[in-house]
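Understanding the architecture of this molecule
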Amino acid sequence: MSKKHKNKGVQAIPALAVQPTDITQDSLTNLVAGLMNSRDKMAYNHYAFRKTVSRSELATMYRSNWLARKIIDAPAEDMTREWLSLETGDEKSKDALEAAEKRFKLVTLLTNNLKWGRLFGGSALYMSLAGEDPETPLEIERIRRGALQGFLVLDQHQLTVDKQPCLVDLNRPEYWRPEHYRVADTQQIIHASRLIFSDGALVPVSDLKNQGFWHDSVLQALYDELQRGDTVASGTASMFFEMCVDILKIDGLTTKLNSDEGTREVQKRFEVTNTAKSFNRMMLLDSADEYQQKTINFSGVSEVATMFLQRISGAADIPATRLLGQSPTGMSATGESDIRNYYDALKAKQENILRPQVEKIYDVMAMSELGHPLKDLVIEFNPLWQLCEAERANAEKIRAETDQIYLMQGVIHEAHSLKRLKANDTYAITDEDLDEAQALAQELDTPDEPDATRPDQGTPQTHDKTPV
């Protein structure tokens, strides 16, 4: 074969062949360390849904585990602790609604509704109206006076979806929620519009059907963390039983234990030795025996336990100062920022979750108590952060100094300051006091009419400037 033909038959091989699979990916890889490739054990990790916690286990956790109970109760109780204020031009109507609120124990029932919704994944507050069919949609404007009989809390295990198909109606605010529910172990059907729902931890809409159109319990995502925390706590408690262990090395012990007589002899010897040690703190041993005492080192246990409690606190979205009742740690730590952030989060839940509920409830109570709606009713949640006595006094002093400056500059009148003091219940200021202050302010604002009898008012006087 000629040299020319040899060159044609041999293909040039590049020094480094780049295959399509060798293109660098965005993920961090390290072939030497085995990071994020087939050699890395973490590459085989994946999340799998372990199980849905049953109702009986949820109830047991709530009744027997103080952390689980506090995780459920604390946010619900804090959301309703300071409750709300009603504002309307009709004071008699306001007093009637506040009296009905206490009579029906509305705050307690709404709090329980939030608790069972968090614990079981869903709950509903049923509004019982006399003379109306619960199966029909609620029409608030047609509620008769005195029809409201009270409220009843039903958790998701007391309500089941009616067999009627769940039609998707995008015109409904909660299109995914069934329209009818059946009370467990009864034939009573209730329309969804007559129920005030409290949901737990939200799940995707695509998974709701498999769960009977109810959401998850708040404890579902915390289940593993709570178990780990309990394991650390119980393991630490068990360590105290073996914190100090006596060790006796006896020559020929195994041979003696091979017979019943030898076993009884060894047991009798240990009993006598232990009795002597307990009685006079003296241990009598054979010269061939060896005695040791081992103690468990508890250093680091506290840090491990604290770490798991902090994980539970973070998972529950409740600061440790509130969940655990412990003092804040760290230099210059007061825990105020954590509590304020927690209260801000609850304030958002009040507006997003509680406000639609209480507005609907007060509309129903207005029709039942007054016979007509209150269109000017304003509902405002009271602040969760309450000032101490010293802080309130300091704030009131600052407001008083501000009012004094504005009064001296003529920006406001005494009536404006009195209104603020009455709104804050600083003093027992009556409506008559406000009327008198407003009348006085109007008199001061009205300019004086010119007096013709005075030489400096009315028609200007002419003066003879002719020199004498």
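Above this text is the structure in question.
So, here is what we can say about the structure in this document. (Residues numbered from 1 in each chain as written. Predicted model: local features only at pLDDT ≥ 70, side-chain atom pairs only at ≥ 80, totals over all residues. Heavy atoms only, no water.)

**Comments concerning the overall build of the protein chain**
Helix and strand content of the protein chain: 15 helices and ten strands. In the protein chain, which comprises 468 residues, the proportion classed as buried is 31%. Contacts spanning at least 24 positions in sequence make up 66% of the contacts within the protein chain whose residues lie at least 6 apart. (Helix = DSSP H or I, 4+ residues; strand = E, 2+ residues; numbered from the N terminus. Buried < 20%, exposed > 50% of the residue type's maximum accessible area, 1.4 Å probe, protein only. Contact = heavy atoms within 4.5 Å.)

**With respect to the sheet that holds strand 6 (residues 189–191)**
The strand order 4-5-6 describes an open sheet built from three strands, whose pairing is antiparallel. Taken across any chain shown, the strands that pair with only one partner, and hence form the sheet edges, are strand 4 (159–161) and strand 6. Each adjacent strand pair in this sheet contributes to an overall mean axis angle of 40°, direction not counted. Judged from the three bridges that link them, strand 4 and strand 5 (residues 180–183) form a sheet pairing that is antiparallel. Following the sheet pairing, Thr160 is matched in strand 5 by Arg182. (Pairing = 2+ DSSP bridges. Axes fitted to C-alpha atoms, helices over the stretch in contact; angles between N-to-C directions.)

**Digging into the environment of Gln187**
Residue position: Gln187 is located in the loop between strand 5 and strand 6. Overall, Gln187 belongs to the exposed group, its relative accessible area being 70%. Along the backbone, Gln187 and Asp162 are 25 residues apart, and their C-alpha atoms lie at a distance of 10.0 Å. Here the side chain of Gln187 touches Arg182 through a polar contact of 3.2 Å, side chain to side chain. (Polar contact = N/O pair within 3.5 Å; in protein donor to acceptor, adjacent residues only side chain to side chain.)

**Let's talk about a negative patch on the surface**
Where like charges cluster on the molecular surface, the negative patch consists of Glu87, Asp90, Glu91, Asp95, Asp376 and Glu380. Within the secondary structure layout, Asp90 lies in the loop between strand 1 (84–87) and helix 4 (91–103). (Patch = residues over 30% accessible without salt bridge, like charges linked within 9 Å, V, L, I, M, F, W, Y side chains within 5 Å. Areas by Shrake-Rupley, 256 points an atom, 1.4 Å probe, with all protein chains shown as cover. Salt bridge = Lys/Arg side-chain N within 4 Å of Asp/Glu carboxyl O. Lys, Arg positive; Asp, Glu negative; His and termini not counted. Charge placed at Lys NZ, Arg CZ, Asp CG, Glu CD.)

**Topic: the nonpolar core**
Ile71, Phe151, Leu219, Leu226, Ile361, Tyr362 and Met365 are the most contacted members of the largest nonpolar core, which totals 62 residues. With twelve residues, helix 12 (residues 336–369) is the largest single contributor of residues to this core. If we skip the residues at most four places from it in the chain, Met365 touches Leu97, Ala100, Glu101, Phe104, Leu106, Leu148 and Leu370. In terms of nonpolar packing, the next biggest core, distinct from the first, is built from eleven residues, Tyr126, Val183, Ala192 and Leu195 among them. (Core = buried A, V, L, I, M, F, W, Y, C linked by side-chain atoms within 4.5 Å.)

**Thoughts on the side chain of Lys94**
As for its position among the elements, Lys94 is in helix 4. Notably, Lys94 is buried but unbridged: the nearest opposite-charge side chain belongs to Glu98, and the N-O separation is 4.3 Å. Look past the residues within four positions of Lys94 in its chain and what remains in contact with it is Leu86, Glu87 and Thr88.

**Details of the pairing of strand 10 (residues 378–381)**
With burial as the criterion, only one face of strand 10 is covered, namely that bearing Ile379 and Phe381; the residues Val378 and Glu380 on the opposite face remain uncovered. Bridge count between strand 1 and strand 10: four bridges; the pairing is antiparallel. Residue pairing across strands places Glu87 opposite Val378, the latter belonging to strand 10.

**Side note on the packing of aromatic side chains**
Evaluation of the coordinates by the stated rule reveals eight aromatic pairs. The interplanar angle of 90° and the centroid separation of 5.8 Å between the aromatic rings of Phe104 and Phe151 together place this pair among those described as edge-to-face. A residue pair is termed long-range when its members are at least 10 positions apart, and Phe104 in the loop between helix 4 and helix 5 (106–120) and Phe151 in strand 3 (residues 148–155) qualify at 47 residues. Using a relative accessible area of 11% as the deciding quantity, one classes Phe104 as buried. The class of Phe151 is buried, set by a relative accessible area of 11%. Relative to Trp385, the ring of Tyr343 lies with its centre 6.2 Å away and its plane at 65°, an arrangement referred to as edge-to-face. (Phe/Tyr/Trp six-rings, centres within 6.5 Å; stacked < 30°, edge-to-face > 60°.)

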